[in-house]
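# Secondary and tertiary structure notes
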Amino acid sequence: MAVNRTIHANEYGLPLNATQWLETHHASKASERQQMIRDLQIKKGSFLVDAGCGPGLWTPLLAEVVGAEGHILGIDISTESLVLARQRSNFSWYNSFVQYKKASLDRLPLDYGVADIIFSANVSQYLPEPVSVFAAMGPYLKDGGRLVIKDIDFGTLRFHNIDTALQARVFQARERWEQERVHLGYAFEDSWVGSKLASYLHAAGYTNIQERTYTITRKYPLPQSYIHYIQGIADWFICEGAPHLSTDDVQQWWNCFFSEASVLQREDFVCEETEFVVTGEWHQPSDNVLQEVQIATISQ
Ligand SMILES: C[S@@+](CC[C@H](N)C(=O)[O-])C[C@H]1O[C@@H](n2cnc3c(N)ncnc32)[C@H](O)[C@@H]1O
């Protein structure tokens, strides 16, 4: 049984964070990720914060658009990830305009009102209170600056050559387990977050919210990076003992991805998933609103 074999949590206990897995995830979606960054139309010279930068895999894509006249600040709560990000950047062409610092999303190491863009990929799924974190990030943006949140949504994942009833049972079991596991001491995760992001940004006070979706389709024959990525996902669906699945379903699912008869090796293999990139503009509250908030706070 492959449970907990492919994926390892990082020092913060966050699964799907093992660096090697993140690298294969990045490599296997390289063209869509390039397109996501192009579609943001980020201006040269921008000051961009990569919030939850991990090992810095997005930095080259972001560096290309802000250019040497811009600046990138990568932040993360994981020291381990920041060390890897710095190693990657050290001898790169973008090293002179990139910095990495340890910080949490809601307490960025910069003054209010200075960032043009705050970009955050594959992090919102780990936020137990995404609305309050997004609201706390807003003031770091210039007036009219943009928050960009990119994330997955496993409600969109489909394998064309796997029994649909088995897929439904596996996905529903994981979704149910995600709601329960946090009460048992596991770190929070919402792998169905992508389609909820637009409403979260709205609730956090952003305006002009735009949602772009990217459907990622891969067919046989598959590159090794994609096989590793999919095996990581498949393993993760049945990790932590898969309490809402029968032993039979766990075995069948495992066989689909890890046995000699793996669906990944078949000519009819097709997998689709949709990722979400949501942007919102931040406008500093006007002096009047600010005064009203201050008066209300004082009189409480
Ligand atoms: C799945 S990884 C994504 C890394 C990178 N953005 C990427 O897409 O390759 C999630 C990252 O978010 C970081 N993270 C999670 N919660 C955070 C928080 N509240 N503040 C800062 N970083 C956080 C984790 O340490 C981890 O490096």
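Residues numbered from 1 in each chain as written. Predicted model: local features only at pLDDT ≥ 70, side-chain atom pairs only at ≥ 80, totals over all residues. Heavy atoms only, no water.

As recorded by an unreviewed UniProt entry, the protein chain carries the name Methyltransferase family protein and is attributed to Thermosporothrix hazakensis.

## Re the overall build of the protein chain
Selection rule: For helices the rule is a DSSP run of H or I covering at least 4 residues; for strands it is a run of E covering at least 2, with both sets numbered from the N terminus onward. Working definition: with a 1.4 Å probe on protein chains only, accessible area under 20% of the residue-type maximum means buried, over 50% means exposed, and in between means partly exposed. Only heavy atoms enter the contact rule, under which two residues are in contact if any of them lie within 4.5 Å. All accessible areas in this document rest on Shrake-Rupley with a 1.4 Å probe, and a residue is counted as covered only by the protein chains that are shown.
Scanning the protein chain for helices and strands turns up ten helices and eight strands. Classification of the 300 residues of the protein chain by burial places 53% in the buried group. Contacts in the protein chain between residues at least 24 apart in sequence constitute 80% of all its contacts with a sequence separation of at least 6. For the protein chain, the accessible area works out to roughly 13800 Å², and carbon and sulfur atoms hold 51% of it.

## With respect to the pairing of strand β3 (residues 98-102)
For clarity, the cut-off: A pair of strands is treated as paired once DSSP finds two or more bridges between them. Call a crossover right-handed when, viewed with both strands pointing away from you, the route from the first strand across the helix to the second goes clockwise.
Relative to β3, strand β2 (residues 71-76) runs parallel, the two being bridged by five bridges. Looking across to β3, one finds that D76 is bridged to K102. As a crossover connection, the stretch from β2 through helix α4 (residues 79-90) into β3 is right-handed.

## A word on the environment of R218
Convention followed: Pairing of N or O atoms within 3.5 Å defines a polar contact, subject to two protein rules: one partner must be a possible hydrogen donor and the other a possible acceptor, and residues neighboring in sequence count only if both atoms are side-chain atoms.
Position of R218 among the secondary structure elements: in strand β7 (residues 207-219). Placed 189 residues apart in sequence, R218 and K29 show a C-alpha to C-alpha distance of 9.6 Å. What R218 contacts, discounting residues up to four positions off in sequence, is S28, K29, S31, E32, Y226, F269, V270 and C271. Of note is the side chain of R218, whose polar atom sits 3.0 Å from the backbone oxygen of S28.

## Quick notes on the pattern of salt bridges
Selection rule: A pairing counts as a salt bridge when a side-chain nitrogen of Lys or Arg comes within 4 Å of a carboxyl oxygen of Asp or Glu.
Evaluation of the coordinates by the stated rule reveals 15 salt bridges. Among the ionic pairs, E32 bridges to R218, the shortest N-O distance being 2.7 Å. Here R218 lies in strand β7 and E32 lies in helix α2 (residues 30-39), a separation of 186 residues in the sequence. Of the residues examined, E32 reaches a relative accessible area of 13% and is grouped as buried. For K150, the salt bridge is made with E275, and the minimal N-O distance between the two is 2.8 Å. Here the residue K150 occupies a position in strand β5 (residues 141-151), and E275 occupies one in strand β8 (residues 270-282), the gap between them amounting to 125 residues. Neither K150 nor E275 differs from the other in exposure class; each is buried.

## A few points about the packing of helix α1 (residues 19-28) against helix α8 (residues 224-237)
The line we're drawing: All axes are obtained by fitting lines to C-alpha atoms, using only the stretch in contact for helices, and the reported angles, taken between N-to-C directions, cover 0 to 180 degrees. We call two directions roughly parallel when the angle between them is under 35 degrees, roughly antiparallel when it is over 145, roughly perpendicular when it lies between 65 and 115, and oblique otherwise. Less than a right angle of anticlockwise turn of the near helix away from the far helix marks a crossing as left-handed, whereas a clockwise turn marks it as right-handed.
Put simply, α1 and α8 touch, their axes get as near as 8 Å, and they point 125° apart. Comparing the axis directions of α1 and α8 gives the class oblique. The interaxial crossing formed by α1 with α8 has left-handed handedness. On α8, the residues that touch Q20, W21, T24, H25, A27 and S28 of α1 are S225, Y226, H228, Y229, G232 and I233.

## Let's talk about the packing of aromatic side chains
Note the threshold: Working definition: rings of Phe, Tyr and Trp (its six-membered ring) pair if their centres are within 6.5 Å, and the pair is stacked with planes under 30 degrees apart, edge-to-face with planes over 60 apart, and tilted otherwise.
The tally for this structure, following the rule as stated, stands at 20 aromatic pairs. On the numbers, 5.5 Å between centres and 40° between planes, the contact of F154 with F237 is tilted. You can see F154 sitting in the loop between β5 and β6 (158-159) and its partner F237 sitting in helix α8, a full 83 residues away along the chain. Residue F154 is classed as buried on the basis of its relative accessible area, which comes to 1%.

## Section: the nonpolar core
Cut-off, in case you're wondering: By nonpolar core is meant a set of buried Ala, Val, Leu, Ile, Met, Phe, Trp, Tyr and Cys residues that side-chain atoms within 4.5 Å join together.
Within the largest apolar cluster, 37 residues are counted, with the highest numbers of intra-cluster contacts made by F159, F237, W253 and F257. Within the residue set of this core, elements represented by two or more residues are α1, α6 (164-181), α8 and α9 (247-258). Top contributing element to this core by residue count: α8, with eight residues. In this structure F159 touches Q167, F171, I230, W253, F257, F269, V270 and C271, once residues within four positions along its chain are discounted. In this structure, L105, A115, V133 and Y200 belong to the second largest nonpolar core, which totals 29 residues.

## Notes on α4
Convention followed: A helix is expected to span 1.5 Å for every residue after the first. This arc is built from the directions going out from the helix axis to the C-beta atoms.
In this model α4 runs 16 Å from its N-terminal to its C-terminal C-alpha over twelve residues, within 8% of the 16 Å that 1.5 Å per residue would give. Every buried residue of α4 is listed here: S81, L82, A85 and S89. Summarising the axial view, the buried residues of α4 lie within an arc of 95°, below the 170-degree limit, and thus occupy one face. For α4, the secondary structure elements touched by its buried residues are β2 and β3.

## Concerning the side chain of Q125
Of note, Q125 is situated in the loop between β4 (115-121) and α5 (130-137). Here the side chain of Q125 touches N122 through a polar contact of 3.5 Å, landing on its backbone oxygen.

## Comments concerning unusual backbone geometry
A cis amide bond links Y220 to the next residue, P221, at an omega of 0°. Looking at where P221 falls in the secondary structure, it is placed in the loop between β7 and α8. For Q41, which is not a glycine, the phi torsion comes out positive at approximately 50°. Positionally, Q41 belongs in the loop between α2 and β1 (47-51). A positive phi angle, near 45°, is found at N208, a position not held by glycine. Looking at the secondary structure, you find N208 in strand β7. Looking at N208, the relative accessible area reads 45%, which means it is partly exposed.

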